[in-house]
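# Working through the structure, step by step
Here is what each chain is made of, one letter per residue.
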Amino acid sequence: MRKQPPSTAERPSGNARHRFTALLPRALLGLAFVLFVLAAVTVSTGVPEPRRLTAGPVSEAAVCTVLAATLVALCGSAVRRRRQRALDRADTSAATAQQALLRPLPGRIGNLRLRGTYLPARTAPRSGGDLYDAVRSPYGTRLLVGDVRAKGMLAVEASALLLRSFREAAYAEEQLTEVARRLEHDARWHIARLPGAETPERFATALLVEIPEGPVARVVHCGHPEPLLVAGGRVRPCPPERPGAPVGMADLVGAGHAVQTLPFRAGERLVLPTDGFIEARDAAGRFHPFADRVGERAAAPLDDLVDGLRADLDRHTGGELRDDAALLVVERAPE
């Protein structure tokens, strides 16, 4: 026999408890107002009762005022706690959604080995929109690393838009600059739909990388931290020859997109971080020495390198990462 759902009277009283919690600050505030009015009346008229707990009308008014102030403080504290719990739930949901967007990278595409990692911030807001992806296209393997300038669900929404735009354009567009142009177009469309107050804050830094069959890699910089090339046990930063504007701002600053060609031979690695790895600080305010840590682990296997860099970041921040961080490392397999 199919079990019937519990009646309304039998259902858990969670909703009732929630309503009570929501109404409590208002009740305290109302009681505080009543006490304040009583204090004012006491001061202005006095209370002719023969027995009093205090020395006079002013003392009674002071008691009422103190009680009112205490209730107001309790009310404010309850409101703040409730608001903080709501923010924490929203931050946790956004961080979970952001991690779900980052589908697992293929461990290998052709002669390339790939590994990515993502760390959500430990302090609110927990999601800042860091992202990465890899697509095998007719023109070579194409990679994206980016960082959306937004927090919470706004960051998740913008990240989803950029990832979808990249996945489509990376396969369809022959030129890497056209992939960047598609990202720019879709980002501007997204920004135009936001409320006016949000518009100035909505853009993303990004790094586009194309790795063809030959011993090179092509890079388009869109305001993002430079990649690091690990070759022969040494780490070499690869700053842009022509800096590009962040995605969503190219039209505003009048900057186009340019391709930079880097040597990328068998046995070499490209390390592509977001600024969460580079700008993280310790308790004393010192930046994380990311390039040095990459150099210390340059000879480690790919998985050990990424796991070690992740552990280094966590150790440097004491487990209190204030901005999310993403990292993608690609290695051209030795011949």
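Residues numbered from 1 in each chain as written. Predicted model: local features only at pLDDT ≥ 70, side-chain atom pairs only at ≥ 80, totals over all residues. Heavy atoms only, no water.

A separate point is the overall build of the protein chain. Per the secondary structure count, the protein chain includes eight helices and 11 strands. Counting the 335 residues in the protein chain, one finds 41% classified as buried. A fraction of 72% describes how many contacts in the protein chain between residues 6 or more apart in sequence connect residues 24 or more apart. Accessible surface, the protein chain as shown: approximately 18,200 Å² in total, 56% of it carbon and sulfur. (Helix = DSSP H or I, 4+ residues; strand = E, 2+ residues; numbered from the N terminus. Buried < 20%, exposed > 50% of the residue type's maximum accessible area, 1.4 Å probe, protein only. Contact = heavy atoms within 4.5 Å. Areas by Shrake-Rupley, 256 points an atom, 1.4 Å probe, with all protein chains shown as cover.)

The next subject is the environment of Leu176. Counting through the fold element by element, Leu176 comes out in helix H4 (residues 176-192). Taking the C-alpha atoms as reference points, Leu176 and Val259, separated by 83 residues in sequence, lie 7.4 Å from one another. With near-sequence residues (within four places) excluded, Leu176 lies in contact with Arg142, Leu208, Val209, Glu210, Arg218, Val219, Val220 and Val259.

Now for the nonpolar core. If you look at the biggest cluster of nonpolar residues, it comprises 47 residues, and the most contacted ones within it are Leu143, Leu208, Val209, Leu270 and Val330. Among the elements that line this core, the one with the most residues is helix H3 (residues 152-172), at seven residues. Excluding residues that lie within four positions of it along the chain, Leu208 makes contacts with Leu143, Leu144, Phe166, Leu176, Val179, Ala180, Leu183, Arg218, Val219 and Val220. Within the second largest apolar cluster, 18 residues are counted, among which are Val271, Val294, Leu309 and Leu321. (Core = buried A, V, L, I, M, F, W, Y, C linked by side-chain atoms within 4.5 Å.)

Quick look at the environment of Asp324 now. Following the sequence through the fold, Asp324 ends up in the loop between helix H8 (302-316) and strand S11 (325-332). Judged by relative accessible area, Asp324 falls into the buried class, the value being 0%. A C-alpha to C-alpha distance of 7.6 Å links Asp324 and Gly129, two positions 195 residues apart in sequence. A polar contact of 3.2 Å, which involves the side chain of Asp324, links it to the backbone nitrogen of Gly129. Of the polar contacts made by the side chain of Asp324, one reaches the backbone nitrogen of Asp130; its length is 3.2 Å. (Polar contact = N/O pair within 3.5 Å; in protein donor to acceptor, adjacent residues only side chain to side chain.)

We now examine H3. Taking 1.5 Å of rise per residue, 21 residues should cover 30 Å, and H3 covers 31 Å from first to last C-alpha, within 8% of that figure. Among the residues of H3, those classed as buried are Gly152, Ala155, Val156, Ala158, Ser159, Leu161, Leu162, Leu163, Ser165, Phe166, Ala169 and Ala170. (Expected span 1.5 Å × (residues − 1).)

Glancing now at the sheet that holds strand S4 (residues 140-148). Pairing between sheet strands relies on hydrogen bonds along the backbone, with the strands arranged either parallel or antiparallel. Read from one edge to the other, the open sheet built from five strands follows the order S3-S4-S5-S6-S9, with strand pairing classed as antiparallel. Every interior strand has two partners, whereas the edge strands, strand S3 (130-137) and strand S9 (259-263), have only one. The sheet shows a mean angle of 20° between the axes of neighbouring strands, taken without regard to direction. In the sheet, strand S6 (residues 216-222) pairs with S9 via five bridges, with the strands oriented antiparallel. Within the sheet, the bridge partner assigned to Val216 lies in S9 and is Pro263. Across the sheet, H3 touches S3, S4 and strand S5 (204-211), and the angle it forms with S3 is around 15°. Contacting S4, S5, S6 and S9, H4 runs over the sheet at an angle of about 155° to S5. (Pairing = 2+ DSSP bridges. Axes fitted to C-alpha atoms, helices over the stretch in contact; angles between N-to-C directions.)

Spatially, the six strands line up as an open sheet ordered S1-S2-S11-S10-S7-S8, and their pairing is antiparallel. Each having just a single partner strand, strand S1 (108-109) and strand S8 (234-237) make up the two edges of the open sheet. Summarising the sheet, strand S2 (residues 112-119) and S11 pair through eight bridges and their orientation is antiparallel. Within S11, the residue paired with Tyr118 across the bridge is Ala326. Here H8 sits on the sheet and contacts S2, strand S10 (269-273) and S11; the angle it forms with S2, its principal contact strand, is near 20°.

You can see His288 is positioned in the loop between helix H6 (275-278) and helix H7 (290-296). By relative accessible area, His288 is classed as buried at 4%. What His288 contacts, discounting residues up to four positions off in sequence, is Phe277, Ile278, Ala280, Arg293, Asp312, Leu313 and His316.

To continue, consider the environment of Arg149. Turning to its location among the elements, Arg149 is positioned in the loop between S4 and H3. The spacing of Arg149 and Gly129 is 20 residues in sequence and 7.1 Å in space, taken between C-alpha atoms.

Turning next to H8. Compared with the 21 Å implied by 1.5 Å per residue over 15 residues, the 21 Å span of H8 between its first and last C-alpha is a close match. Residues of H8 that are buried include every one of Leu302, Leu305, Val306, Gly308, Leu309, Asp312, Leu313 and His316, and no others. Axial view of H8: buried residues confined to an arc of 165°, hence all on one face. Residues of H8 that are buried make contact with S2, S10, H6, H7 and S11. At the exit of H8 stands Gly318, carrying a positive phi of roughly 65°. (Arc of directions from axis to C-beta.)

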